[in-house]
Amino acid sequence: MDQQTLAPILGALDECIEKYIEDRKNRIGDFIERHFSIQETFAIQKKSFPLDLLYSPLNTLWAIPYLSAKKSVETLDKMGWTKLSPTMEKVPSGIKTGYQREIERLIATELLDSEALLTELRKHPTFAKLMLSKELQIDESKIQKEFIKEIEKYTASQAFIADLAGSLMTLAAGWWFFGDKSLSLLGLGNKIARKMARDKAASHFFLGEKLGSTFYGFFPPVPTRTEIYMATLAVGTLLTAFSIFAAIMSDPVRKKLGLHNKKLTTLVENLEEKLFLLLKKEIKQSLRHSANDKLAS
């Protein structure tokens, strides 16, 4: 197919995508108001709370090691050693929570709505004629995959920010309350158990608690396994509380700062470019096949 024949079709494609994208951008403000308030965030979180109760602290623990590994790989990549980059791209930034999946569903169905784009194409005179004559057939599954890919990239980056915030809050809590800068549950639990064992032994010291504290500072008592397990459980509960709090508050805070509007606008604009390239390729291939079939017959 020559460029002269293809030019008006690609022009029509640009018109349809531009109209669709403009409509999606106009929906962003209302979408944010409906789904990113504290009340709505809490309501969505409640639906998947039991599993997210497990996933949130795991993601929080993983956030800093993941970021460190990613930055290291990026540094090596800049130095010319690119072997680890493909592997790092496959490493997930965390486990997808129920809350994250629900936000993805809402973005896909209420904000982006791939069917709205297909409707724009079907009602445009240029495409209506081509589709009616069967000269043009568009693989809708490919369009759907492009939507899913861009939405997942958006939610993964947003969730990672919340997980990282939870990690930093946990680090701060560990340093402030326990004097430990690590994210190790067992390490924090062990430290708390040892402190509790020392305080308990000092309170029963025959020369008084003050001298007992000094004495057991040099000769610390060893806590039992049960005491270590209980302390670790307490730290795990605290970590979970920080993780859930960070997850619930992250979206309302981003809404207040205007970050959701900026990020969703970027998502829609990225999608505009990806859709044009995808559909341009699909249209060219479909029309070429149709032309070849006509010649063959």
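Quick note: structure is the one above.
Not measured: the values here are computed from a predicted model.

Student: Lay out the overall build of the chain in plain terms, naming residues and giving numbers.
Tutor: In terms of helices and strands, the chain carries 12 helices and zero strands. When burial is assessed residue by residue, the chain has 39% of its 297 residues classed as buried.

Student: How would you summarise helix 2 (residues 38-47) if you had to cite specific residues and measurements?
Tutor: Taken together, the buried positions of helix 2 are occupied by Thr-41, Ile-44 and Gln-45. Down the axis of helix 2, the buried set is contained in an arc of 100°. They therefore lie on one face. Turned more than 90 degrees off the buried face of helix 2, the exposed positions are Gln-39, Lys-46 and Lys-47.

Student: Run through the environment of Leu-118, naming residues and quoting values.
Tutor: On the secondary structure map, Leu-118 appears in helix 6 (residues 114-123). Those residues in contact with Leu-118, other than ones at most four positions away along the chain, are Glu-140 and Ile-143.

Student: Account for the packing of helix 2 against helix 5 (residues 98-112), naming residues and giving values.
Tutor: Geometrically, a packed helix pair is captured by the angle between its two axes and the distance between the axes. At their nearest, the axes of helix 2 and helix 5 sit 8 Å apart, and the two run at 120° to each other. The orientation of helix 2 with respect to helix 5, classified from their angle, is oblique. Our pair here, helix 2 against helix 5, has a crossing hand that is right-handed. Residues Thr-41, Ile-44, Gln-45 and Lys-47 of helix 2 touch helix 5, and the partners they reach there are Tyr-99, Glu-102, Ile-103 and Leu-106. When its residues are assigned to classes, the contact of helix 2 with helix 5 shows four nonpolar, two polar and two charged.

Student: Talk me through the nonpolar core; I want residue IDs and the actual numbers.
Tutor: Core analysis: the largest hydrophobic core is formed by 41 residues, its most contacted members being Tyr-20, Ile-107, Leu-112, Phe-127, Ile-143 and Leu-264. Broken down by secondary-structure element, the contributors of at least two residues to this core are helix 1 (3-35), helix 5, helix 6, helix 7 (125-132), helix 8 (140-178) and helix 12 (259-296). The biggest single contributor to this core is helix 1, with 12 residues. Not counting the four nearest positions on each side in its chain, Ile-107 is found in contact with Phe-31, Leu-112, Asp-113, Ile-151, Tyr-154, Thr-155, Leu-264 and Leu-267.

Student: Give me the environment of Phe-215: which residues, what numbers.
Tutor: Secondary-structure assignment places Phe-215 in helix 10 (residues 209-218). Residue classification places Phe-215 among the partly exposed residues on the basis of a relative accessible area of 36%. Sequence separation between Phe-215 and Phe-205 is 10 residues, and the spatial gap between their C-alpha atoms is 8.9 Å.

Student: A description of the packing of helix 6 against helix 7 should follow, citing residues and the corresponding values.
Tutor: Two elements in contact, helix 6 and helix 7, have axes separated by 5 Å at closest approach and are oriented at 85°. Relative to helix 7, helix 6 is oriented roughly perpendicular. Within the contact between the two elements, helix 6 uses Leu-121, Arg-122 and Lys-123 and helix 7 uses Pro-125, Phe-127, Ala-128 and Met-131. Residues that form the contact of helix 6 with helix 7 fall into these classes: five nonpolar, no polar and two charged.

What counts as what
Residues numbered from 1 in each chain as written. Predicted model: local features only at pLDDT ≥ 70, side-chain atom pairs only at ≥ 80, totals over all residues. Heavy atoms only, no water. Helix = DSSP H or I, 4+ residues; strand = E, 2+ residues; numbered from the N terminus. Buried < 20%, exposed > 50% of the residue type's maximum accessible area, 1.4 Å probe, protein only. Arc of directions from axis to C-beta. Contact = heavy atoms within 4.5 Å. Axes fitted to C-alpha atoms, helices over the stretch in contact; angles between N-to-C directions. Parallel < 35°, antiparallel > 145°, perpendicular 65-115°, else oblique. Left-handed = near helix turned anticlockwise from the far one by under 90°. Nonpolar A, V, L, I, M, F, W, Y, C, P; charged D, E, K, R; others polar. Core = buried A, V, L, I, M, F, W, Y, C linked by side-chain atoms within 4.5 Å.

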